[in-house]
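If you want the building blocks of each chain, they are given just below.
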Amino acid sequence: MAELKTMGFGKTMERKLKSVGINSAEELREIGSRRAVSRLKERYPGTCVVILYYLEAAIQGVDIKELDGGCRAGLKEYFKQL
């Protein structure tokens, strides 16, 4: 199993993801960015939409700047509902 750090996350984000039961890159891909940010927001209420963008970008294997506008809009709409 690939470690989360291989996806470019720092120690703090790694720790937070592990605290909500996401221990590897494979688990993050399986769970998806939306469910992952939902778990994070529940445990860490200060979680912002940018974290959702970073999670999605990591899953897609792209830089956050490469997420297309439609993808961002959908993620933002989802985040507003949390």
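In what follows, the accompanying structure is described. (Residues numbered from 1 in each chain as written. Predicted model: local features only at pLDDT ≥ 70, side-chain atom pairs only at ≥ 80, totals over all residues. Heavy atoms only, no water.)

So, about the state of the cysteines. Cysteine pairs can be covalently joined through their sulfur atoms, and such a bond is termed a disulfide. Tallied over the entire structure, the rule returns zero disulfides. With no disulfide of its own, Cys 48 lies closest to Cys 71 among cysteine sulfurs, the gap being 16 Å. Exposure remark for Cys 71: the relative accessible area of 19% places this residue in the buried category. (Disulfide = S-S within 2.5 Å. Buried < 20%, exposed > 50% of the residue type's maximum accessible area, 1.4 Å probe, protein only.)

This next bit is on helix 3 (residues 33–43). Residues of helix 3 that are buried: Ser 33, Ala 36, Val 37 and Leu 40. Take helix 3 and look down its axis: the buried residues cluster within an arc of 95°, on one side only. Turning to helix 3, the residues buried within the fold contact helix 1 (11–19), helix 2 (25–31), helix 4 (49–60) and helix 5 (69–80). (Helix = DSSP H or I, 4+ residues; strand = E, 2+ residues; numbered from the N terminus. Arc of directions from axis to C-beta. Contact = heavy atoms within 4.5 Å.)

Turning next to the packing of helix 3 against helix 4. Pairs of packed helices are described in terms of their axes, by the angle between the two and the distance that separates them. It is at 9 Å that the axes of helix 3 and helix 4 come closest, and there the two elements cross at 145°. Considering how the two elements wind past one another, helix 3 and helix 4 form a crossing that is right-handed. Facing Ser 33, Arg 34, Ala 36, Val 37 and Leu 40 of helix 3, the residues of helix 4 in contact are Ile 51, Leu 52, Leu 55, Glu 56 and Ile 59. Looking at the contact of helix 3 with helix 4, its residues break down into seven nonpolar, one polar and two charged. (Axes fitted to C-alpha atoms, helices over the stretch in contact; angles between N-to-C directions. Left-handed = near helix turned anticlockwise from the far one by under 90°. Nonpolar A, V, L, I, M, F, W, Y, C, P; charged D, E, K, R; others polar.)

Let's shift gears to the pattern of salt bridges. All told, the structure shown has three salt bridges when counted by the stated rule. Its salt-bridge partner being Lys 5, residue Glu 3 comes within 3.6 Å of it at the nearest N-O pair. Residue classification places Glu 3 among the partly exposed residues on the basis of a relative accessible area of 42%. With a closest N to O distance of 3.8 Å, Glu 77 and Lys 80 form a salt bridge. Of the two residues, Glu 77 and Lys 80 are both situated in helix 5; the distance of three residues between them amounts to about one turn of the helix. Judged by its relative accessible area of 43%, Glu 77 is partly exposed. (Salt bridge = Lys/Arg side-chain N within 4 Å of Asp/Glu carboxyl O.)

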